[in-house]
Amino acid sequence: MKQQLLEVLQKAVSDLGIEASTVTLDFPENPEHGDFTSNVAMVNAKKLALSPRVLAEKIVAEFGKAKSLSPIDADIKSVSIAGPGFINFTLSAAAITQNTQEILMAKPISNIGQGRKVLVEYSSPNIAKPFAVGHLRSTVIGDSIARTLSVLGYAVIRDNHLGDWGTQFGKLLVAIDKWGNWDDIKKSTRPIKDLVDLYVKFHDEVERLENSEDETLKLAAIELIESARGRFQVLESGKDQKTIDAWKICIELSNKEFAAIYDRLGVSFDPNRGDTQIGESFFVAPDKIAPVMEALNGKKLLKKSEGAEVVFFGSEDPKEWTYPPLIIEKSDGTSIYATRDLAADLYRLKMYGTADRNDGGGASRKHLTIINEVGAEQTLYFRQLIETEKMLGWFADGERIHIAHGLYRFKDGKMSTRKGNVIWLEDILDEAVARASKINTESANDVAVAAIKFNDLKRDSIQDIVFDWDEMMNMTGDSGPYLQYSCVRAKSVIEKAKGLGVVANLNAVRPEILQLDLLEKYLLRFPHIVEFAGASYKPSIIANYLINLASHFNSFYSQVTIITMPGENSSVVSEADRAADAYKVAVTQAFSMVMESGLDLLGIKVPKKM
Ligand code: ARG
């Protein structure tokens, strides 16, 4: 409906010499002011040398003519001018009912994606390291973006880019040999914690030796570091099966632990859906790296600098750098993080890219949108990476995106249990479940996960999160459990209605009740909100919409009698009252459906009871 209205408005203003591209429709802050609003008069007034209000009047007159010739005629109840020159459109009752009907029929939200491919990379924890809170954020935000793009008709590939390569493996393997033993690790109930303990011990030991007065001990520190470097080189060479096997066991143990975490969080990387979990190590292979070096050399982007191969941005003169140079190959010729990322993106283009869009940039270019959800500490790095790929001509504008998230900070001292300076996700989840079981014993895990996810998604991802348990679990404020509760409440109204034989029905007369009107009007925004959230990769837009939607439902629920009960004077409810009830129940149902699918986009499940 919004699109149709927009088109009619664009046609109407073209006679006044207004460009279609300057015509936009928004939702008024307050739905009482109308269902859609346009600032087209304010935007164009100066150019046409008219006051915004005078221009608005002319536009309204033109719109009136255009509308009468269009099928949307019956949908628009009134058009008014407000404030400095806003034009507000109010829908007819029939149009609103029609929209609620479409919600009840579970009409697909949108198809703006039209099957275009998007790879969303998120979570990406590191092997033999803790699943850190940063990875939790990436998992929650990335999963929501993937869900949102899916319902918008994009072909989404979810990619968990596991950190299974790097010099840390040398240290870890040395530590295991020195202080650990594989049988204990494999038998352990907490193998990853054991591995992390060993890894931490390596660092502590190096530090202890380095700080000693004794020269032989100082030497021992250097030896330890050297042996770790040697061990990684052995792994890199691919020639020692024992080292490779040890590394593989670490991967296996970590994956087991990650799988358990994903299960608790309700997140999955499912190969049957086309998702992938390819580790960084996959891109170390010469057949993956060589084409990257070839492409970089082909465009003459590589320069020697202090023995390493680097890419410069803007200029080789430090005073004119857009960004500092990006190292592609170390002086010893081994690949690094950036090289592997370039290899990963080239591989992704080859595997998933489609050549179906003609951007004039040559028929051979493949198209794929790649999104990396990675912490803000890597923002500079991703700018360098994306700029390099731009210079390589691999992607069109807007196809390469880094979504960054801020840090977690802990307000509640209790939660900063530090074991080797690590906050374990498991501890956070356990604490959340303990608190959630006070709200809901049956579905404590769902409530806990809702609290954690919503607490993250309600704000822009770039913001830091101050971890505040009371805010997260608050049953009346803007929390995940509160939204679950409002949905459960709506469903219990529907159940109660069923018991009384009241069936949801929108063909009944639409009752004239302010709270009902506002709720229906707010429901009709949902598909637009999802499109908007998808286009800007911001789950927070959906989260905040759901908070407002819940508050509209809750005023309806608390101020309006949804199901009429027999009064003092009569033992039966009149037919007219029952018809109105049927309508109110239908809207309640539409609310529960929108709330449930909105929460689903945030990865939040609605419990049966609460
Ligand atoms: N494993 C990395 C980390 O924990 C994140 C990987 C991000 N993705 C990428 N393509 N570089 O820091």
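Along each chain, residues carry numbers from 1 onward, in the same order as the chain's sequence is written. Per-residue local features of the predicted model are confined to residues with pLDDT of at least 70, and side-chain atom pairs are confined, for both listing and counting, to 80 or more; whole-chain, interface and lining totals are unaffected and use all residues. With hydrogens and water set aside, each side-chain value is computed from the structure's full complement of heavy atoms.

Some remarks on the site of the ligand
Point 1. Around the ligand, the surrounding shell consists of Glu121, Ser124, Asn126, His135, His161, Tyr337, Asp341, Asn372, Val374, Gln378 and Phe382.
Point 2. Under this definition, polar contacts are N or O atom pairs within 3.5 Å; protein pairs additionally need one hydrogen-donor-capable and one acceptor-capable atom, and for neighbouring residues in sequence, both atoms have to be side-chain atoms. Ser124 is positioned with one of its backbone polar atoms (N or O) 2.9 Å from a nitrogen atom of the ligand.
Point 3. Interatomic distance of 2.7 Å between a side-chain N/O atom of Asp341 and a nitrogen atom of the ligand.
Point 4. Relative to its unbound accessible surface of 350 Å², the ligand loses 89% to contact with the protein.
Point 5. Any residue that is not Ala, Val, Leu, Ile, Met, Phe, Trp, Tyr, Cys, Pro, Asp, Glu, Lys or Arg is counted as polar, Gly included; the first ten are nonpolar and the last four charged. Here the residues of the shell around the ligand sort into three nonpolar, six polar and two charged. Here, proximity means that at least one heavy atom of the residue falls within 4 Å of the molecule or strand. In this description, accessible areas are obtained by the Shrake-Rupley approach with a 1.4 Å probe, and a residue is regarded as covered only by the protein chains that are shown.

Quick look at the sheet that holds strand β6 (residues 302–305)
Point 1. Pairing in this open sheet of three strands is antiparallel, and the strands run β6-β7-β8 from one edge to the other. Each edge of the open sheet is held by one strand with a lone partner, namely β6 and β8 (326–329). Recorded for the sheet is a direction-independent mean angle of 45° between the axes of neighbouring strands.
Point 2. In this sheet, strand β7 (residues 308–311) lies alongside β6 in antiparallel orientation, the contact comprising four bridges. Bridge assignment links Leu302 to a residue of β7, and that residue is Val311.
Point 3. For this analysis, residues touch if any pair of their heavy atoms sits within 4.5 Å. Each axis is a line fitted through C-alpha atoms, and for a helix only the stretch in contact is used; angles between axes span 0 to 180 degrees, taken between their N-to-C directions. Helix numbers and strand numbers start at the N terminus; a helix is a DSSP run of H or I with at least 4 residues, a strand a run of E with at least 2. Sitting on the sheet, helix α13 (residues 379–391) is in contact with β7 and β8, with an inclination near 65° to β8. At least two bridges found by DSSP between two strands are what make those strands a pair.

Observations regarding the packing of aromatic side chains
Point 1. Centres within 6.5 Å are what make two rings of Phe, Tyr or Trp a pair, Trp counting through its six-membered ring; a difference in plane orientation under 30 degrees is then read as stacked, over 60 as edge-to-face, and the rest as tilted. Taken as a whole and judged by the stated rule, the model has 22 aromatic pairs.
Point 2. Ring centres of Phe131 and Phe258 lie 5.7 Å apart, and the angle between their planes is 65°; this geometry places the pair in the edge-to-face category. Taken together, the positions of Phe131 in the loop between β4 (117–121) and α5 (133–151) and Phe258 in helix α10 (residues 241–265) put the pair 127 residues apart, joining distant regions of the chain. Judged on exposure class, the residue Phe131 and its partner Phe258 are both buried.
Point 3. On the basis of an interplanar angle of 70° and a centroid distance of 5.6 Å, the ring pair of Phe283 and Tyr347 is categorised as edge-to-face. Here Phe283, found in the loop between α10 and α11 (286–298), pairs with Tyr347, found in helix α12 (residues 337–352); they are 64 residues apart in sequence, far enough to count as distant.
Point 4. Each residue gets one of three labels from its accessible area relative to the maximum for its type: buried under 20%, exposed over 50%, partly exposed in between, using a 1.4 Å probe on protein chains only. Residue Tyr347 is classed as buried on the basis of its relative accessible area, which comes to 15%.
Point 5. Lys288 extends its terminal NZ or CZ atom over the ring of Phe282, reaching a point 4.6 Å from the ring centre. Think of it as a cone above the ring: NZ of Lys or CZ of Arg counts as a charge over the ring if it is within 6 Å of the ring centre and within 35 degrees of the ring normal.

Overview of the packing of helix α19 (residues 526–536) against helix α20 (residues 539–559)
Point 1. With their axes 7 Å apart at the nearest point, α19 and α20 run at an angle of 155° to one another. The angle between the axes of α19 and α20 places the two elements in the roughly antiparallel class. Between α19 and α20, the contacting residues are Phe526, Ile529, Phe532, Ala533 and Ser536 on the first element and Ile541, Ile542 and Tyr545 on the second. An angle counts as roughly parallel when it lies under 35 degrees, as roughly antiparallel when it exceeds 145, as roughly perpendicular when it falls between 65 and 115, and as oblique in every other case.

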